[in-house]
Amino acid sequence: ATEFLVKPEHQGFKAMYQRSLAYVEMWEGNDKAMYRLAEESARFWRATGNNTYSAGADEQEGWIALQKGNPKKAYEHFAAGLEILRESPGIDILLSIFDGITYVAAMSGQWEQAATLFGTVAHFRELFEISRAPIHQPRHDQQLTAVHKNLDETTFQNRWEKGTQM
């Protein structure tokens, strides 16, 4: 497989492979390998001008920042990805970025805003029939539980409902 990936015409496959491996390294705690793979993949996609994959690179860097406990940096990457997607939306990446922004709100203690955003993302995932990537489900469950625990039931339900109407 490595011979295939070194050919110039196959660099896109290599970048996608690196992106996938970076997630594996992230969850296994191999920071050095994770950053190297994510940076190489992001550098390739940004150089090609492919908006969808460039936004995906920002999305991935946002998740890495969240994993490392840096919600401010995560927000910067998610916002950059949204800016790129304004011109060529990839709805699955867009929803993943919105998930990330929702978790930033939760991790920052902005409970009511997070509950609203959870409702919004849930509504759009249902509307477009796009499920969350399984690798992100544990974080989703953790953040949703934290938001629920920090709001009374009426406030949580009202904010969730408000989010579904956005």
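Asker: Would you explain the layout of surface pockets in this entry?
Answerer: In this approach the atoms are scanned with a rolling probe the size of a water molecule, which exposes any empty space left behind. Considered as a void within the structure, the largest pocket measures approximately 360 Å³ in volume. Around the largest pocket, the lining comprises 18 residues; the ones closest to its centre are R19, Y23, E59, D92 and A133. Contributions of two or more residues to the lining of the largest pocket are made by α2 (11–28), α4 (51–67) and α6 (91–107). Counted by class, the lining of the largest pocket contains 7 nonpolar, 5 polar and 6 charged residues. Volume-wise, the second largest pocket comes out at about 150 Å³. If you list the elements that add at least two residues to the lining of the second largest pocket, you get α3 (31–48), α4 and α5 (71–85). Partitioning the lining of the second largest pocket into residue classes produces 4 nonpolar, 2 polar and 4 charged.

Asker: Sorry, what's going on with the side chain of S41 here?
Answerer: Along the chain, the position of S41 falls in helix α3. For S41, a relative accessible area of 2% corresponds to the buried category. If we skip the residues at most four places from it in the chain, S41 touches A15, Q18 and R19.

Asker: What am I meant to see in the pattern of salt bridges here?
Answerer: Note that side chains of opposite charge can pair when their charged atoms are close. Within this structure, the stated rule accounts for 6 salt bridges. With its nearest N and O atoms 2.7 Å apart, the salt bridge here joins D99 to R125. Residue D99 is located in helix α6, and its partner R125 is located in helix α7 (residues 111–128); the two are separated by 26 residues in the primary sequence. Overall, D99 belongs to the buried group, its relative accessible area being 2%. For R125, a relative accessible area of 10% gives the class buried. The structure contains a network of salt bridges with shared partners spanning D99, R125 and R132.

Asker: Got a minute to help me understand the nonpolar core in this structure?
Answerer: Proteins that are soluble and globular tend to have nonpolar side chains buried together. W63, L66, A74, F78, L85, I97 and V147 are the most contacted members of the largest nonpolar core, which totals 29 residues. Contributions of two or more residues to this core are made by α2, α3, α4, α5, α6 and α7. A per-element tally of this core places α6 first, with 8 residues. Residues in contact with A74, not counting those within four places in the same chain, are G62, A65, L66 and V104.

Asker: Please clarify how the packing of α2 against α4 should be interpreted in this entry.
Answerer: Between α2 and α4, the least distance of the axes is 11 Å, while the angle of their chain directions is 10°. The orientation of α2 relative to α4 falls into the category roughly parallel. Where α2 abuts α4, its residues M16, R19, A22, Y23, M26 and W27 lie against Y53, G56, A57, E59, Q60, W63, I64 and Q67. By residue class, the composition of the contact of α2 with α4 is 9 nonpolar, 3 polar and 2 charged.

Calculation rules
Residues numbered from 1 in each chain as written. Predicted model: local features only at pLDDT ≥ 70, side-chain atom pairs only at ≥ 80, totals over all residues. Heavy atoms only, no water. 1 Å grid on protein atoms, 1.4 Å probe; cavity = no way out; pocket = protein on both sides within 12 Å on 5 of 7 lines; lining within 4 Å. Points joined across faces, edges and corners; volume = space filled by probe spheres on them. Helix = DSSP H or I, 4+ residues; strand = E, 2+ residues; numbered from the N terminus. Nonpolar A, V, L, I, M, F, W, Y, C, P; charged D, E, K, R; others polar. Buried < 20%, exposed > 50% of the residue type's maximum accessible area, 1.4 Å probe, protein only. Contact = heavy atoms within 4.5 Å. Salt bridge = Lys/Arg side-chain N within 4 Å of Asp/Glu carboxyl O. Core = buried A, V, L, I, M, F, W, Y, C linked by side-chain atoms within 4.5 Å. Axes fitted to C-alpha atoms, helices over the stretch in contact; angles between N-to-C directions. Parallel < 35°, antiparallel > 145°, perpendicular 65-115°, else oblique.

On their own, these measurements won't tell you what the molecule is for.
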